[in-house]
Amino acid sequence: MEGSTEDGLPKLMEGLAIAVENKSEDIADILDSLVPQIQASGSDCGSCHSFLTQLETLLQWESKTIVAKSAQVVAELAKSESGREDYGTTSVLKILVELLKTEDQDLGILTQVCRALGNICYDNDKGRKFVLDAECLTVLLSVLERSINESGEEGRTLRNVAAGFLFNLLIGQEDIHQKAIELGVTNLLCSILELDGTVPEGEEASTHVLFILGLLTDSVSCDSLLDERLCQVTVKVLGASSSPEVSEVCLELLHEQAENENVKNHLAHAGLCELLVQLLEKHKPLVDDDETRNLMKMACDLIVLILTGDVSMNALYAEGKGQVFQEMVAWLSSGDEDLQITGVLAMGNFARTDKHCIQMVEAGVSKKLLALVEKNNTPSGDIRLQHALLSALRNLVIPSQNKATVLEDGLVDAVYPMLEIPTFPVVFKLLGTLRMVIDGQGSAACKLGRKKDLISRLVTWCGTEDHPGVQGEANRLLAWLINKSRDQEVLKTILEGGAVPCLVDMLTAEHAVMQNEAIIALTLLAAMRRADAESNLLEAKIGVKLVRLLNDFGPTLACEIIQNILSLVSQLAKSDILQHHLIDSGISTALSKLSSEENVASFSDRISQLTSMLDSG
């Protein structure tokens, strides 16, 4: 029958009909010849109902070989949209499903039936519905389990087609994803990756499995699909694969799941970051197109994401001796922009404990970061890098013993030009870094607080409504410049810069810490430059704001804040004009009302004395 292939598909179909009618021994050869003809014809196989009838008959033939070959023909026909419509009929599906459900089914038949059903279910809701309504999900998982226990090429082929069938079946069927997980699909998929994930011949099956896991993670609301075992094997697959597609699917899957703290820990201990560093270093010279660059960025993002977990970060830091930590420090000097930014972001994440920060500054990490700042402190610099650098520096200067060291290394001079950068996220980090580094550093606070251009910008940012974070940090930095410097010149600069209304408005901020910072700053201003500040404080209606603070927040104010408010009122009352302003604003009534609160009982005598003094004035 081999010569008949030259007559094309119609001739073979006609020959098959005759052979079936006569129960000819040529049936197997004709079916073998049909496969390449269908493959060559693609979607142009035509519609032939008589051929469909023959296939239905042959799928129920006594010979297992004929049944397997017939299922293979259906699988080839179902690769095209027209083929799925013409040959994925209810009658054919019923037969295929029964073959799938047959206990101890012949391995060859099972493989071809999975191919046929998998192809029929591809982009075909009708086919999927039939298979699911026939309760084949459980059966298919049993087939997968059998494939795992089958050795050799036959077992691998069955795993591949069964996994492909499951993938096509689950697409668009989110309502059964949870059921699949409850039936143990995750363990089965993990076993397939362990068997096939690290060998080239198992790549197709592994790809199917990774796609399935991606589907499940997209739709199932659970803590995480990736347990320790699955994390370990996925990392192994990534390390063994030479396929860009497999690498991309692995990275996407791990990236999506690495938001979970447990997964971060599993991946850190599975050596993912070490592997990614190795792969990035190896393939860096080959990155010459957008697709490869995006893959590289995804790997970099994954390293940073894992470092956001406390346990995983500590494991990878390893007292400053961890391979990943040391590689990230080296990347600070990388000529590749993405690797450099990853190194900086990593430093920010490693610098989340005082101990780490102190060790990192001692190791010279802050100097490396400042050197990068000096090269990227203008509006033309890379915003991602600027933001990352400021975040890392801010963390590093939190420990008190680091502040003086990093200041001596030139932090203020390095970051000061960044005031010209108009991007709010960068401004936010810049203000936070400056505020953190002047804590306990009076000379630095004096140096900054005397800069008229800085005060001018802070006043502007205090009024911005486009970025609440910048607004809050600008207010706080103004208050800290006063509180940490306690310097006459700083106060003069702040007064001349028009910053008093900002501090007065800060009295009624949402957060108690900001309220307290404003109270202390205004108390120092009233004590040290009362005469100069009078008109500014009156214009800002400080009495009205204090009354609002007492009325709106009184019952919830901490004792420390109440004590500071009383000190501020006492300082303001030393000025006749301010004392009258306070009285006119109703401060006595607000204080008297406050004294009736339980949390203020210890201050009742002092409040009485203060209100008496105000009223007598």
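If you're wondering where the values come from, they're calculated on a predicted model, not measured in any experiment.

Undergrad: Summarise the layout of surface pockets; cite the residues concerned and give the values.
TA: Considered as a void within the structure, the largest pocket measures approximately 610 Å³ in volume. Looking at the largest pocket, it is lined by 25 residues, and the ones nearest its centre are P244, S247, H283, T292 and L295. The element contributing the most residues to the lining of the largest pocket is helix α17 (residues 272-283), with seven residues. Among the residues making up the lining of the largest pocket, the classes are represented as twelve nonpolar, eight polar and five charged. In this structure, the second largest pocket encloses a volume near 360 Å³. Along its surface, the second largest pocket is lined by 17 residues, and P468, Q471, G472, N475 and M514 are the ones closest to its centre.

Undergrad: I'd like to hear about the packing of helix α30 (residues 468-485) against helix α33 (residues 512-528), residue by residue, with values.
TA: α33 packs onto α30 with a crossing angle of 40 degrees between their chain directions and a minimal axis gap of 9 Å. If you check the angle between α30 and α33, you find them oblique. For α30 against α33, the interelement crossing comes out left-handed. Touching G472, N475, R476, A479, W480, I482 and N483 of α30 are V513, M514, E517, I520, A521 and L524, all from α33. When grouped by side-chain class, the residues that make up the contact of α30 with α33 number eight nonpolar, three polar and two charged.

Undergrad: An account of the packing of helix α12 (residues 185-196) against helix α14 (residues 228-240) is needed here, citing residue identities and associated values.
TA: α14 packs onto α12 with a crossing angle of 30 degrees between their chain directions and a minimal axis gap of 10 Å. With respect to α14, the axis of α12 lies roughly parallel. The two elements α12 and α14 meet at a crossing, and its hand is left-handed. In this structure, α12 contributes T186, N187, C190, S191, L193 and E194 to the contact, and α14 contributes R229, L230, V233, T234 and V237. For the contact of α12 with α14, the class distribution of residues is five nonpolar, four polar and two charged.

Scoring rules and cut-offs
Residues numbered from 1 in each chain as written. Predicted model: local features only at pLDDT ≥ 70, side-chain atom pairs only at ≥ 80, totals over all residues. Heavy atoms only, no water. 1 Å grid on protein atoms, 1.4 Å probe; cavity = no way out; pocket = protein on both sides within 12 Å on 5 of 7 lines; lining within 4 Å. Points joined across faces, edges and corners; volume = space filled by probe spheres on them. Helix = DSSP H or I, 4+ residues; strand = E, 2+ residues; numbered from the N terminus. Nonpolar A, V, L, I, M, F, W, Y, C, P; charged D, E, K, R; others polar. Axes fitted to C-alpha atoms, helices over the stretch in contact; angles between N-to-C directions. Parallel < 35°, antiparallel > 145°, perpendicular 65-115°, else oblique. Left-handed = near helix turned anticlockwise from the far one by under 90°. Contact = heavy atoms within 4.5 Å.

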